[in-house]
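Report on the structure
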Amino acid sequence: MKDKILNDGKLMNPAFSALGVTIFEVMSQLARETGAINLGQGFPDDPGPQDVRAKAADAVLNGYNQYPSMMGLPETRAAIGAHYKRFQGIDLDSNAEIMVTSGATEAITGALLALIEPGDEVVLFQPMYDSYLPIVKLAGGVPRFVTLKPPHWTFTKADLEAAFSPRTRVVVFNNPLNPTGVVFGREQLEILARACVQHDVVAVCDEVWEHVVFDGRAHVSLMAMPGMRERCVKIGSAGKIFSLTGWKVGFSCAAPDLMRVLAKSHQFLTFTTPPNLQVAVAYGLGKEQCYFETMRADLQRSRDRLANGLRGLGFSVLPGQGTYFLNIDVADLAPEGDAAFCKRLVADHGVAAIPVSAFYAENPVTNVVRLCFAKYDATLDEALRRLAGLPGLRRS
Ligand code: GLN
């Protein structure tokens, strides 16, 4: 009887029962099983700054380990505000406009649940991070897609006009964009800001890669664009700033009216985030400029090491401007498509990667594969050695 109920799935919400396991878990599990080098799921080899980890350890042993306040420790909220003022020139009232969450995924989920009513249209840019769409659907939202294509993954005013309608309530915007590594600049932000103002839409801005931008770029938040200060939820992640992805400490920033509603959904999703980690994140956000510059420079070197190695082997490497990821065009190597290619890569060549088609809901791009370069040189070099054995490569 129990099995029948489970098999029919009648008692379950198809928003989840019809979902597959996230591609990150699938590929990491395959990497564990086969002993492959894992360039799939995005997490660094680097253990993260020693002083930030020491702060957390000290806070566990000597600090406060009971529920912190629901919105986050006052010192952490103040540190987030000061950090965004210092790096992005954005003024935030840490008492009314900042909330600490258990990772950016919670912040995004919470924002979507708080903002979408059944039937509302939600504009999503695909390829999109794989948590967005299931939550939009769970909330009863109707997705409208803007489809980005390689190699530039860019969008025009006409693309937005085709996706926005009088029923659009929310747009989800990820910049820098995972999985493509694109950093959208002012021109594109302005086009998007105009569409949001014109259609009276709230933008949920996943900016977790804001510090991971290369070649002298500086992150510009959609929140800093004209008319957007009151209609943006700006989401960040300590995991990406300090190479501590397992910590799951995120932050949500929004004008007071929006924040009051975001707080209502946070209170019943996770309620609070571990206070010891919050203490360490508050400390880390205040670190000197050189920490952030070195982190960026180290990752840029790793990007270049992998890109040059791949090019030398005959891979077609797409431009990467930010994030931990580099993409390769496998059209010539993989007539079977990116998903089957990634299975072959992990099984026969010992390297795990992510097929970019997993980030599309419709009309997927099927010839692009994402590789994480946030790894030690030795890891990247061994991956390149293994990839050299791939049939069909034409060395330049
Ligand atoms: N953000 C990570 C990535 O893009 C994945 C995080 C996760 O596995 N949920 O690889």
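All figures in this text were calculated on a predicted structure; none of them were measured in a lab.

Further remarks concern the site of the ligand. Near the ligand, the surroundings consist of Phe 24, Gln 41, Gly 42, Tyr 129, Asn 178, Phe 325 and Arg 370. Take Tyr 129: an N or O atom from its side chain is 3.2 Å from a nitrogen atom of the ligand. If the ligand stood free it would expose 300 Å²; the protein chains cover 79% of that surface. Partitioning the shell around the ligand into residue classes produces three nonpolar, three polar and one charged.

Right, let's get into the sheet that holds strand β5 (residues 168-174). In a beta sheet, neighbouring strands are held together by backbone hydrogen bonds and run either parallel or antiparallel to one another. Sheet architecture is open: seven strands sit in the order β2-β8-β7-β6-β5-β3-β4, paired in mixed fashion. Lying at the two open borders of the sheet, with one neighbouring strand each, are β2 (98-101) and β4 (142-147). Neighbouring strand axes in the sheet, compared pairwise and without regard to direction, differ in orientation by 20 degrees on average. Bridging between β2 and strand β8 (residues 250-253) involves four bridges; their strand directions are antiparallel. Its bridge partner being in β8, Met 99 is matched across the sheet by Ser 252. Lying on the sheet, helix α5 (residues 74-88) is in contact with β2, β7 (232-237) and β8; it crosses β2 at an angle near 110 degrees. Contacting β2, β6 (202-206), β7 and β8, helix α11 (residues 256-269) runs over the sheet at an angle of about 20 degrees to β2.

Attention now moves to the side chain of Asn 178. Within the secondary structure layout, Asn 178 lies in the loop between β5 and α9 (186-199). Only 2.6 Å separates the side chain of Asn 178 from the side chain of Arg 370, close enough to count as a polar contact. Those residues in contact with Asn 178 that sit more than four places away from it in its chain are Tyr 129, Trp 209, Thr 323, Phe 325 and Arg 370.

Turning to the nonpolar core, a few remarks are in order. In terms of nonpolar packing, the biggest core is built from 133 residues, with Leu 192, Leu 222, Leu 310 and Phe 315 touching the most fellow members. What Leu 192 contacts, discounting residues up to four positions off in sequence, is Phe 125, Phe 155, Leu 160, Phe 164, Val 171, Phe 173 and Leu 222.

Below, the discussion takes up helix α15 (residues 377-387). Of the residues making up α15, those classed as buried are Thr 379, Leu 380, Ala 383, Leu 384 and Leu 387. The buried residues of α15 occupy an angular sector of 135 degrees when the element is viewed end-on, so they sit on one face. Those residues of α15 that are exposed and aimed more than 90 degrees away from the buried face are Ala 378 and Arg 385. In this fold, the buried residues of α15 make contact with β1 (37-38), α13 (289-313), α14 (338-349), β11 (351-352) and β13 (368-372).

Conventions and cut-offs
Residues numbered from 1 in each chain as written. Predicted model: local features only at pLDDT ≥ 70, side-chain atom pairs only at ≥ 80, totals over all residues. Heavy atoms only, no water. Near = heavy atom within 4 Å. Polar contact = N/O pair within 3.5 Å; in protein donor to acceptor, adjacent residues only side chain to side chain. Areas by Shrake-Rupley, 256 points an atom, 1.4 Å probe, with all protein chains shown as cover. Nonpolar A, V, L, I, M, F, W, Y, C, P; charged D, E, K, R; others polar. Pairing = 2+ DSSP bridges. Helix = DSSP H or I, 4+ residues; strand = E, 2+ residues; numbered from the N terminus. Axes fitted to C-alpha atoms, helices over the stretch in contact; angles between N-to-C directions. Contact = heavy atoms within 4.5 Å. Core = buried A, V, L, I, M, F, W, Y, C linked by side-chain atoms within 4.5 Å. Buried < 20%, exposed > 50% of the residue type's maximum accessible area, 1.4 Å probe, protein only. Arc of directions from axis to C-beta.

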